[in-house]
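Coordinate inspection notes
So the chains spell out like this:
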Amino acid sequence: MNGRLASYKRIVIKIGSALLVDRATGLKRAWLTSLARDIAALRAAGHEVLAVSSGAIALGRTVLDLPQGSLKLEESQAAAAIGQIALSRAWSEALDTEGILTGQVLVTIDDTEARRRYLNARATIGALLRLGSVPVINENDTVATGEIRYGDNDRLAARVATMMNADLLVLLSDVDGLYTASPHSDPSARRIPTVEVITPEIEAMAGAAASELSRGGMRTKIEAGKIAVQAGTAMMIASGLFEHPLRTLDDGGACTVFRPSSAPVSAWKSWIAGQLEPAGTLTVDAGAHAALRTGKSLLPAGVRQVGGRFQRGDTIAVILQDTGREIARGLAGYDSDEARKIAGRKTGEIEAILGYAPRAAMIHRDDMVVGP
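Calculation criteria
- All chains use their own residue numbering, which begins from 1 and follows the written sequence.
- Predicted model: local features are reported for residues with pLDDT of at least 70 only, side-chain atom pairs are reported and counted for 80 or more only, and whole-chain, interface and lining totals are derived from all residues.
- Each side-chain value is worked out from all heavy atoms of the structure, with water and hydrogens disregarded.
- By this definition, two strands are paired if DSSP reports at least two bridges between them.
- Runs of H or I in DSSP of at least four residues are treated as helices and runs of E of at least two as strands, each being numbered from the N terminus.
- Contacts are assigned to residue pairs that have any heavy atoms within 4.5 Å of one another.
- For every element, the axis is a line fit to its C-alpha atoms; helices are fit only across the contacting stretch, and the angle between N-to-C directions ranges from 0 to 180 degrees.
- Only residues whose relative accessible area exceeds 30% and that take part in no salt bridge are eligible for patches, with like-charged residues grouped when within 9 Å of each other and nonpolar side chains (Val, Leu, Ile, Met, Phe, Trp, Tyr) grouped when within 5 Å.
- Residue burial considers only the protein chains on display, and all accessible areas are found by Shrake-Rupley using a 1.4 Å probe.
- Any Lys or Arg side-chain nitrogen located within 4 Å of an Asp or Glu carboxyl oxygen qualifies as a salt bridge.
- Using a 1.4 Å probe on the protein chains alone, a residue whose accessible area is under 20% of its type maximum counts as buried, one over 50% counts as exposed, and one in between counts as partly exposed.
- Each C-beta atom gives one direction from the helix axis, and the arc is the one those directions make.
- Buried residues of nine kinds, namely Ala, Val, Leu, Ile, Met, Phe, Trp, Tyr and Cys, make up a nonpolar core once their side-chain atoms join them within 4.5 Å.
- For this classification, under 35 degrees means roughly parallel, over 145 means roughly antiparallel, 65 to 115 means roughly perpendicular, and everything else is oblique.
- Polarity classes work like this: nonpolar for Ala, Val, Leu, Ile, Met, Phe, Trp, Tyr, Cys and Pro, charged for Asp, Glu, Lys and Arg, and polar for all others, with Gly in that last group.
- As a per-residue measure, pLDDT tells how confident the predictor is, with possible values from 0 to 100.

**Quick look at the sheet that holds strand 7 (residues 168-173)**
Taken together, 8 strands build an open sheet; the order of strands is 5-6-4-1-7-9-10-8 and the sheet is mixed. Each edge of the open sheet carries a strand with a single partner, namely strand 5 (102-107) and strand 8 (194-195). Docked against the sheet, helix 10 (residues 218-230) engages strand 7, strand 9 (234-239) and strand 10 (255-258), running at close to 155° with respect to strand 9.

**Here's the deal with the sheet that holds strand 12 (residues 303-308)**
On the basis of which strands lie adjacent, the open sheet formed by 5 strands has the order 12-11-13-14-15 and mixed pairing. Looking at the sheet topology across the chains shown, the edges are occupied by strand 12 and strand 15 (368-370). Recorded for the sheet is a direction-independent mean angle of 20° between the axes of neighbouring strands. Here strand 13 (residues 315-320) pairs with strand 14 (residues 326-331) via 5 bridges, running antiparallel. In the sheet register, alanine 317 faces strand 14, and the bridge partner there is arginine 329.

**Here we look at a nonpolar patch on the surface**
Among the surface-exposed residues, Val63, Leu64 and Ile82 lie close enough to one another that they form a single nonpolar patch of about 240 Å² accessible area. Relative to the helices and strands, leucine 64 is located in the loop between helix 3 (56-63) and helix 4 (73-96). Overall, leucine 64 belongs to the partly exposed group, its relative accessible area being 38%.

**As for helix 13 (residues 286-293)**
Ala288, His289 and Leu292 are the residues of helix 13 that are buried. Projection of helix 13 onto a plane perpendicular to its axis shows the buried side chains occupying an angular sector of 105°, all on one side. Contact partners of the buried residues in helix 13: strand 11 (280-284), strand 13, strand 14 and strand 15. Where helix 13 terminates, the next one or two residues include glycine 295, which has phi positive at roughly 95°.

**Some thoughts on the environment of isoleucine 85**
Tracing the backbone shows isoleucine 85 in helix 4. Since its relative accessible area comes to 54%, isoleucine 85 is described here as exposed.

**Describing the nonpolar core**
With 42 residues, the main nonpolar core has Leu50, Ile137, Val160, Leu169, Leu178, Ile222 and Phe258 as its most contacted residues. Every element with two or more residues in this core is listed here: strand 4 (48-53), strand 5, helix 6 (115-130), helix 8 (153-163), strand 7, helix 10, strand 9 and helix 12 (267-273). Aside from chain neighbours lying at most four places away, what touches leucine 169 is Val12, Ala157, Ala158, Ala161, Ala228, Thr233, Ala234, Met235 and Met236. The next biggest cluster of nonpolar side chains, apart from the first, holds 40 residues, and it includes Ile13, Leu35, Ala56 and Leu59.

**Focus: the pairing of strand 10**
On strand 10, burial covers both faces: Cys255 and Val257 on one face and Thr256 and Phe258 on the other are all buried. As paired elements, strand 8 and strand 10 share 2 bridges and run parallel to each other. Pairing of threonine 194 across the sheet is with valine 257, part of strand 10.

**Remarks on unusual backbone geometry**
Phi is positive for aspartate 65, close to 55°, though the residue is something other than glycine. Here aspartate 65 is to be found in the loop between helix 3 and helix 4. Since its relative accessible area comes to 65%, aspartate 65 is described here as exposed. The residue histidine 244 is not glycine, and still its phi comes out positive at about 55°. Relative to the helices and strands, histidine 244 is located in the loop between strand 9 and helix 11 (245-250). By relative accessible area, which is 14% here, histidine 244 ends up buried.

**Some words on the packing of helix 3 against helix 4**
Axis separation between helix 3 and helix 4 bottoms out at 6 Å; the angle between their running directions is 100°. Our classification of the angle between helix 3 and helix 4 gives roughly perpendicular. Mapping the contact onto sequence places Ala56, Ile57, Leu59, Gly60, Arg61 and Val63 in helix 3 and Ser76, Ala79, Ala80, Ile82, Gly83, Gln84, Ala86 and Leu87 in helix 4. Split by residue class, the contact of helix 3 with helix 4 holds 9 nonpolar, 4 polar and 1 charged.

**Here we look at the confidence of the model for the protein**
Atomic detail in the predicted coordinates should be set aside for any region of low pLDDT. On average, residues of the protein score 87 in pLDDT, and 94% of them reach the 70 mark or higher. Within the protein, the lowest mean pLDDT, 45, falls on helix 7 (residues 145-150), and the highest, 97, falls on strand 1 (residues 10-15). Segment residues 208-216: pLDDT under 50, and 27 contacts once partners within four positions in sequence are set aside and those in other chains are kept.

Put into C-alpha cells, the structure is as follows:
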C-alpha cells in the first residue's frame, strides 16, 4: 500500500463488534479474510500492525444463542468466555492464511492504568512485534466486570496506540467518519473530513451507539481521539461495512482524520492523560484555569469544589466551574479529605488547617496535562 497510509509506520486498527459478527449467522469470515489480506499488504509495505478486536461477547452470545437485548452480567461473562476462544481462533486462521503469526493479548483497564502493569503490557506487545507477529488485543471481559458494563474498545485502542507510540489509530466502524449530526436520523448531516483540534463543538457532535452489538458510539471515539492526538498519534474514523476496508482507506476512501498534536506530551504525561477512570474531580474557577493555561500548577486557592474519594497520587479530573467541562487531568497532591479542607484557601493558611507543612499544589504542573 502506498496511498494515504504510506507515511504511518506503526498502525493500530480497532474493529467493532458489528463488523465481525452477524447477529443471526455469527462470524463474518469473508470480511475477516479480506481484512487479513489488507493487513498482509500493509506489512509487506513495511508497516507494523496491531489489532484491537471487539467481538468476543457478540460472538459468544451468537454461539450460545442468547436472546437479543441486554444480558445479565454472568451471561455477558459466559458469552465472553466462549467468544474469546472462537475469536482468537478466527484471527489466527485468517492471518495464518497470509503467513502471519498471531499473538493474543487480553487486558483490563487496570493493565493500562497501573503504571507497572502498563509497562509490562507494553513490553509484551513490543516483543510480539519484534518477533514478527500481529498482536490481537481485546478486553478480558470474562473477569473485568466494569468493562462489560461501561467499557469500550475505542478508548482501549487509543490507550494501546499511545502505549506503543503508534503513528496512526484507525477506528473501523459502521460509519465513515464524524458527522455534524447523526446520519442515521438526520439526512442533512455532513461528514467532517478533518479535525485539527477536538473542541467542545466537536465533542457536542457525538451521538450514541447505532448497533446492539456495539458498546461504544461516536462519543467514545471522540474520547479515544483526545487520548491519541494529545500523545502525537493521528486517528482516522472509517467505515468497515465492506470488504477490504484498509485498502479502501489507503486508496482515499471516506473518513475523518484527526490531526495529532503539533506538541505532543511526554510519555509520562501521555499516560496521565490517557487514564480512563479518574478517581475524583476538582472544580476550579476561571482564574485557576487561566493560570493552568500558562503552565502553572493548580493551587488550593483556585479550587471551588472537590468530588469523589481519592488518595494522593490518584488520577483526578479538573473541571471548569462555569461550563462543567474537563480542562485538565493530573495526579492528586492530596487525599480527598485533605483537599476538601483546604479548597479555596491560600497557601499560607494550609499548615494551620492540616497541622503540617503543606505541599504547594493540589496538582503539580509536572503531573498534569491541560487540554486545549
